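Here is how the chains run, residue by residue.
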Amino acid sequence: MEKWRIISSRLLRHSSPRMMIGTSQNHGFGGSIQRSGSKDKFGKAERYFEHGKQNVETCSHPLRDSVGNLQIFLARNLYKTCRIHCRSFASGAARVQRNPSFSTINSNDIAFFKEVLGEKNVIQDEDRLLTANADWMGKYKGSSKLLLQPRSTEEVSQILKYCNSRHLAVVPQGGNTGLVGGSVPVFDEVIVNVGSMNNIMSFDKVSGILVCEAGCILENLDSFLGNQGFLMPLDLGAKGSCQIGGNISTNAGGLHFVRYGSLHGNVLGLEAVLANGTVLDMLGTLRKDNTGYDLKQLFIGSEGSLGIVTKISILTPPKLSSVNLAFLACKDYFCCQKLLMEARRKLGEVLSAFEFLDNQSMDLALTHLEGVRNPLPTSMYDFYVLIETMGTDESYNKEKLEAFLLRSMEGGLILDGVVAQDINQASSFWRIREGVPEALARAGAVYKYDLSLPVEDMYGLVEEMRLRLDQSAKVVGYGHLGDGNLHLNVSVPDYDDAILAQIEPFVYEWTSKRRGSISAEHGIGLMKANKIHYSKSPETVQLMASIKKLLDPNGILNPYKVLPHYVVSQA
């Protein structure tokens, strides 16, 4: 133990700790860690009651602001300066043609929407549309001429009923933080942004069940719950921008999946609007309900292709008083695997996150993220691991983690490491891991792949891709090791068809041979719509297309996404 403390003390000198664990009034730093460059303290959301509903106002989020500025910059400049394939970032996407059965917007449509929504919620301003038409990575760009901002389920219903009757295609949009082109238009689809629907409807402190609207920002919900002694079971790097409706529509995973599991298990009920305007009230708040088919599950992960989610009821866990975070170095990927296995056995119930990144990821973060410093400055290592624990007993939780780390270091699984001593240092650790996507965006063009694989196979794909691409690209691997989710990224100066041909379909074939999934948590979107067969059988895909046809016979909801275009047209 003394060896570990010496290392920890040596490294802490670089971090200027201001609040030590065990001395803070918060009993550790749980609930106060600011992810990805946010302020040291959560900006408390302004809340007020209006007509019996609680509204969560958006507060200032540095990450959201920086991502927004990056998005605007890319929208205005990157398309002019880089050879970007606006609709062809994955093989097959270039062959997408606008569905000729869809109508185009006319003045009568605009007049109708203004009557329903009010003039200020019908957006035709070019600058605002420029941002709404592009994803934050600057990879996908549509040409919509209309952005609608409904404030209620009834308004969403009227919008969809009208668009369905007019055969106007629609793309639902929330925080627009997606990575597969699922939340931006492909052509001229009407954008329906639910961000104005940000009311908290109710919260039951006994059961921990939260009911809210789809436009609530994840971080604001977490802040609200924190004041009640609870937290969201979902934690993402984009939490300051992403909205809960989008999280559910993509079945987002995140950092605490290893502890709290999937949204399929945490979401108790939904309200959704179908393409014809029908409102499906499935907004149950019961832990147990076996009456018929569990239809809400169809909308979790369907990316707005079956209906627009407008309200959610979700089970939230209590916020635990003790949180500890360790930033560790390992000599190879095998040691990372073995460390995970040992963490499951020795840390057990307190393990809440287990993340890894390779030296290429670390180098990108240190090079491109402002203010980021290496927690282990004496050397660069091949692999890094972040282990987070949560518990109710601060001294027990900390001692358990330190004993585990000491055994792991003596066993050769850890080369070096440091345990965060305050919320600022913990935030700086998470900034490295969660800032890798931003660093990649600043480094140039990037091909992103979000894969589920057996843990023992995960890094093999990174190594094979490096051999395949040689010096033509930088191949980066990081992700949620605790649940077998690899984020494979190929960083290049500019998008290049020759490099893409080396990546695809190889990456999908490699994943399919190991019975992995081509989408772990980012969704399918436009990028992988024609690649779904690498993870799902033809019979399964055909059944999905039949469900799509049943719920959206005109195909107006988020067209060209999720399912292969040829299958949808034949259904």
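It should be emphasised that the depicted structure is a prediction, and the values quoted were computed from it without experimental measurement.

## Some remarks on the sheet that holds strand β12 (residues 322-330)
Then comes step 1: Pairing is antiparallel across the open sheet formed by 7 strands, whose spatial order is β15-β12-β14-β13-β17-β18-β16. In the strand order of this sheet, the two ends are held by β15 (416-419) and β16 (445-452), each with one partner. Recorded for the sheet is a direction-independent mean angle of 15° between the axes of neighbouring strands.
Then comes step 2: Seen against the sheet, helix α13 (residues 394-410) touches β12, β14 (383-391) and β15 and runs at an angle of roughly 10° to β12.
Then comes step 3: Relative to the sheet, helix α16 (residues 458-469) contacts β13 (351-358), β14, β16, β17 (474-480) and β18 (485-492), its axis offset from that of β18 by approximately 15°.

## So, the pairing of β16
Then comes step 1: The element β16 is largely enclosed, with a buried count of 7 among its 8 residues.
Then comes step 2: For β16 and β18, the ladder comprises 8 bridges, and the chain directions are antiparallel. The residue of β18 that forms the bridge with Y447 is V490.

## Some details on the sheet that holds strand β5 (residues 170-173)
The strands that make up a sheet are held in pairs by hydrogen bonds between backbone atoms, and each pair lies either parallel or antiparallel.
Then comes step 1: Sheet architecture is open: 4 strands sit in the order β3-β4-β6-β5, paired in mixed fashion. Of all the strands in the sheet, the pair left with one neighbour each is β3 (122-123) and β5.
Then comes step 2: Sheet analysis places β5 next to strand β6 (residues 190-193), joined by 4 bridges and oriented parallel. Paired with V170 across the two strands is V190, which belongs to β6.

## Notes on the environment of K288
Then comes step 1: You can see K288 is positioned in the loop between β10 (279-282) and α10 (296-299).
Then comes step 2: Its relative accessible area of 77% is what places K288 among the exposed residues.
Then comes step 3: Sequence separation between K288 and L268 is 20 residues; the distance between their C-alpha atoms is 8.9 Å.

## Overview of the environment of F506
Then comes step 1: Within the secondary structure, F506 is located in helix α18 (residues 506-513).
Then comes step 2: Residues F506 and R468, 38 residues apart in the sequence, show an inter-C-alpha distance of 9.7 Å.
Then comes step 3: The contacts of F506, once residues within four sequence positions are left out, are L461, E464, M465 and R468.

## Focus: the environment of P505
Then comes step 1: Looking at the element boundaries, P505 is found in the loop between α17 (497-503) and α18.
Then comes step 2: By relative accessible area, which is 33% here, P505 ends up partly exposed.

## Looking at the pattern of salt bridges
Then comes step 1: All chains considered together, the criterion is met by 16 salt bridges.
Then comes step 2: Ionic pairing is found between K548 and D552, a salt bridge with its closest N-O pair at 2.8 Å.
Then comes step 3: Taken together, the salt bridges that share partners define one network made up of D222, D235 and K239.

## Observations concerning helix α6 (residues 218-226)
Then comes step 1: Among the 9 residues of α6, 9 are classified as buried, and the element is accordingly described as predominantly covered.
Then comes step 2: Residues L218, E219, N220, L221, D222, S223, F224, L225 and G226 constitute the buried set of α6.

## Some details on the pairing of β18
Then comes step 1: For β18, the tally of buried residues reaches 8 of 8 residues, placing the bulk of the element in the interior.
Then comes step 2: The two faces of β18 match: N485, H487, N489 and S491 on one face and L486, L488, V490 and V492 on the other face are all buried.
Then comes step 3: Across 7 bridges, β17 lies against β18 in antiparallel orientation. Each bridged residue has a counterpart across the sheet, and for K474 the counterpart in β18 is S491.
Then comes step 4: Here β17 folds back onto β18, and the loop between the two strands holds 4 residues, one of which, G484, carries a positive phi near 70°.

## What about helix α12 (residues 359-368)?
Then comes step 1: Along α12, the residues classified as buried are S361, M362, L364 and A365. Buried residues of α12 fall within an arc of 160° about the axis and therefore sit on the same side.
Then comes step 2: Packing partners of the buried residues in α12 comprise β12, β13, β14, α14 (423-434), α15 (436-443) and β17.

## What to know about the nonpolar core
Then comes step 1: Counting residues in each nonpolar core, the largest one holds 119 residues, and the members touching the most others are L210, L339, I387 and Y449.
Then comes step 2: For I387, the contacting residues outside a window of four places in its chain are N324, L325, A326, L328, L339, L347, L351, A353, F354, L401 and F404.
Then comes step 3: Counting 31 residues, the second-largest nonpolar core is a separate cluster that includes W136, M362, L376 and V446.

## Some remarks on the packing of α16 against α18
Then comes step 1: Closest axis-to-axis distance for the α16/α18 pair is 11 Å, and the angle between their directions is 150°. Considering the angle they form, α16 stands roughly antiparallel to α18. Remark: the crossing between α16 and α18 carries right-handed chirality. In this structure, α16 contributes G460, L461, E464, M465 and R468 to the contact, and α18 contributes F506, V507, W510 and T511.
Then comes step 2: Classifying every residue of the contact of α16 with α18 gives 5 nonpolar, 2 polar and 2 charged.

## Brief notes about the confidence of the model for the protein
Then comes step 1: On average, residues of the protein carry a pLDDT of 86, and 83% of them reach 70 or more.
Then comes step 2: With pLDDT under 50 throughout, residues 1-94 is counted as low confidence; its partners more than four residues away or in other chains account for 227 contacts.

What counts, and where the lines are drawn
Residues numbered from 1 in each chain as written. Predicted model: local features only at pLDDT ≥ 70, side-chain atom pairs only at ≥ 80, totals over all residues. Heavy atoms only, no water. Pairing = 2+ DSSP bridges. Helix = DSSP H or I, 4+ residues; strand = E, 2+ residues; numbered from the N terminus. Axes fitted to C-alpha atoms, helices over the stretch in contact; angles between N-to-C directions. Contact = heavy atoms within 4.5 Å. Buried < 20%, exposed > 50% of the residue type's maximum accessible area, 1.4 Å probe, protein only. Salt bridge = Lys/Arg side-chain N within 4 Å of Asp/Glu carboxyl O. Arc of directions from axis to C-beta. Core = buried A, V, L, I, M, F, W, Y, C linked by side-chain atoms within 4.5 Å. Parallel < 35°, antiparallel > 145°, perpendicular 65-115°, else oblique. Left-handed = near helix turned anticlockwise from the far one by under 90°. Nonpolar A, V, L, I, M, F, W, Y, C, P; charged D, E, K, R; others polar. pLDDT = per-residue confidence, 0-100.

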